[in-house]
Amino acid sequence: GPFASGVGEGVRLPGSWDVKENRNLRWTTEVPGLAHSSPIVWGDRLYVTTAISSQANATFKPGLYGEGTASEDKSAHRWVVMALDRRTGAVAWRQTAYEGVPREKRHIKATYANATPATDGRRVVAFFGSQGLYAFDMDGRLRWKKDLGILNTGAYDLPEYEWGTASSPIIYKNLVIVQCDTQNESFVLAADIDTGATVWKTVRNELPSWGTPTVYPAQGGRPAELITNASNFIRGYDPDTGAERWRLGGSSKITAPTPVFSRDLIVIASGRAPERPVFAIKPRATGDITLRSDETSSRHVLWSKTGRGSYMPTPLIYEGLLYVLANQGLLHAYDLQSRNDVYRQRIPHSGSGFSASPVAADGRLYLSSEDGDIFVVRAGPSFELLGRYPMGEPLMATRALPGDTMYVRGERHLFAIGER
């Protein structure tokens, strides 16, 4: 949704559905290859990316485990961008962005198409890590491509590991912005959306990271801020120039969640122990705003908690509450302004946990598990599980909630859920 908030209102989704019985399922479309990227919507079309291995049995390994092994699938792949009719699921166009042997390995739980595409209604931008950054027009014609080099991301303490990239591109004004934190050079880069030419590039001292940046919008005459989640520092930049404005230390050594915001607070989390922080930051800071070891708040940090951050799912801000979903299925709700605990509840998943981020619409939260179930929880200060709906395949991508339909990406299919 707007600003990666994960919130859609006026969606009018059905109270229940059944994939096996085809109840409140508008269509299902098979998508070749493997991808953890989420679907996006513009107008009457749905856009997705995928990486198609020449190995027919290519897969990934979902579940709760600490293994950092890289996949051995270095066979030739095709990196593809697809447009589908959102009403029928029919493929409108399909374009191959890159074809060849992957230029880096991926984690066994990852894919070679982890990054979600972005669009402004004129260009569809897809980022395939070491395979490059691509911009297509809305009819599928390639407008430009950009090689950002080999982006070697992996364990900060085991540089020989390769896990692949996951940070998604974002669009701000006429800029495509990408965050590339690697074992070698780390940088944030902005390219002209019409030509692909580099407008600015800011090199930074960072560990590998997987979070997607967010732009906190200009308000009341105050400028916009580009927020990045990373290990050494969470940072705020001028999105027009790439100049750093502020930095906040104390994050985890592995960072993946996207920064989110609501009104005058920016929330950033990460889930690698021992830090596992959650920060509620006031916008428009300057300089180094790192908290002292005896501090949990300051002039620029309204509140913070340690040991509570999420490892993969991005937090969700909805109706004054902050929801943080741990990979293990623990859903924690806080009052956003006071930081007070509201509840802590374990979601009864089947064992594989959660990687997709929670989303909300019309008073309900939707949580997708790697086991293939969507849990529907009533939003508000009391936990109430409204339903559990199996989709029949692992769910790693976050849902899209435009209009009156929820688009769900599974391991092999796209599903459109809505009243029929």
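Residues numbered from 1 in each chain as written. Predicted model: local features only at pLDDT ≥ 70, side-chain atom pairs only at ≥ 80, totals over all residues. Heavy atoms only, no water.

Just to check I follow, could you spell out the side chain of D192 for this structure?
Structurally, the position occupied by D192 is in strand β12 (residues 186–192). Non-local contacts of D192, meaning those with residues more than four positions away in its chain, are made with W144, N174, A197 and V199. (Helix = DSSP H or I, 4+ residues; strand = E, 2+ residues; numbered from the N terminus. Contact = heavy atoms within 4.5 Å.)

Help me understand the nonpolar core, please; the structure alone is not making it clear to me.
Side chains of a nonpolar character, in soluble globular proteins, are inclined to be buried together. W17, Y366, I374, M391, M406 and V408 are the most contacted members of the largest nonpolar core, which has 18 residues in total. Those elements that place two or more of their residues in this core are β27 (359–361), β29 (373–378), β31 (406–409) and β32 (413–417). Beyond its immediate stretch of four places on either side in the chain, Y366 contacts L13, W17, S357, P358, V359, A361, I374, F375, V376, R399 and M406. With 17 residues, the next largest nonpolar core counts Y47, A113, Y134 and M138 among its residues. (Core = buried A, V, L, I, M, F, W, Y, C linked by side-chain atoms within 4.5 Å. Buried < 20%, exposed > 50% of the residue type's maximum accessible area, 1.4 Å probe, protein only.)

Would you explain the pairing of strand β15 (residues 225–228) in this entry?
Sheet faces and side chains relate simply in a regular strand, where the side chains alternate between the two faces. Residues E225 and I227 line one face of β15 and the alternating positions L226 and T228 line the opposite face, and both faces are buried. In this sheet, β15 lies alongside strand β14 (residues 214–216) in antiparallel orientation, the contact comprising three bridges. Bridge assignment links T214 to a residue of β15, and that residue is I227. With antiparallel pairing between neighbouring strands as the criterion, β15 and strand β16 (residues 234–237) make up a hairpin whose turn holds five residues. (Pairing = 2+ DSSP bridges.)

Honestly, the sheet that holds strand β10 (residues 170–172) in this entry has me stumped. Any pointers?
The strands that make up a sheet are held in pairs by hydrogen bonds between backbone atoms, and each pair lies either parallel or antiparallel. The antiparallel open sheet is built from four strands, whose spatial order is β10-β11-β12-β13. Strand pairing shows two members of the sheet lacking a second neighbour, β10 and β13 (198–204), which therefore form its edges. Each neighbouring strand pair of the sheet contributes to a mean axis angle of 20°, computed without reference to strand direction. Bridge analysis of β12 against β13 gives six bridges, and the strand direction is antiparallel. Across the sheet, the residue bridging to V188 is T202, located in β13. (Axes fitted to C-alpha atoms, helices over the stretch in contact; angles between N-to-C directions.)

Teacher, can you tell me more about the pattern of salt bridges here?
Where charged atoms from two side chains of opposite charge come close, those side chains can pair. Following the criterion strictly, the structure yields 27 salt bridges and no others. With a closest N to O distance of 3.0 Å, D137 and R143 form a salt bridge. For K201, the salt bridge goes to E185, with nearest N and O atoms at 3.1 Å. Linking K201 in strand β13 with E185 in the loop between β11 (175–180) and β12, this pair joins segments that are 16 residues apart in sequence. The class of K201 is partly exposed, set by a relative accessible area of 41%. Its relative accessible area of 37% is what places E185 among the partly exposed residues. Three or more residues are tied together by salt bridges with common partners; here these are D120, R122, R123 and D194. (Salt bridge = Lys/Arg side-chain N within 4 Å of Asp/Glu carboxyl O.)

How do you make sense of the sheet that holds strand β30 (residues 385–390) when you look at a structure like this?
The strand order across the open sheet formed by four strands is β27-β28-β29-β30, and the pairing between neighbours is antiparallel. Looking at the sheet topology across the chains shown, the edges are occupied by β27 and β30. Mean inter-strand twist for the sheet, computed between neighbouring axes without regard to direction, equals 20°. Pairing of β27 with strand β28 (residues 364–368), which is carried by three bridges, proceeds in the antiparallel orientation. Bridge assignment links A360 to a residue of β28, and that residue is L365.

Looking at this structure, how should I read unusual backbone geometry?
With the exception of glycine, the majority of residues adopt a negative phi angle, and the majority of peptide bonds are in the trans configuration. Between A273 and P274 the backbone carries a cis peptide bond, its omega angle lying at 5°. Tracing the chain through its elements places P274 in the loop between β19 (265–269) and β20 (278–281). A positive phi angle, close to 50°, is found at K173, a residue other than glycine. Structurally, K173 is set in the loop between β10 and β11.

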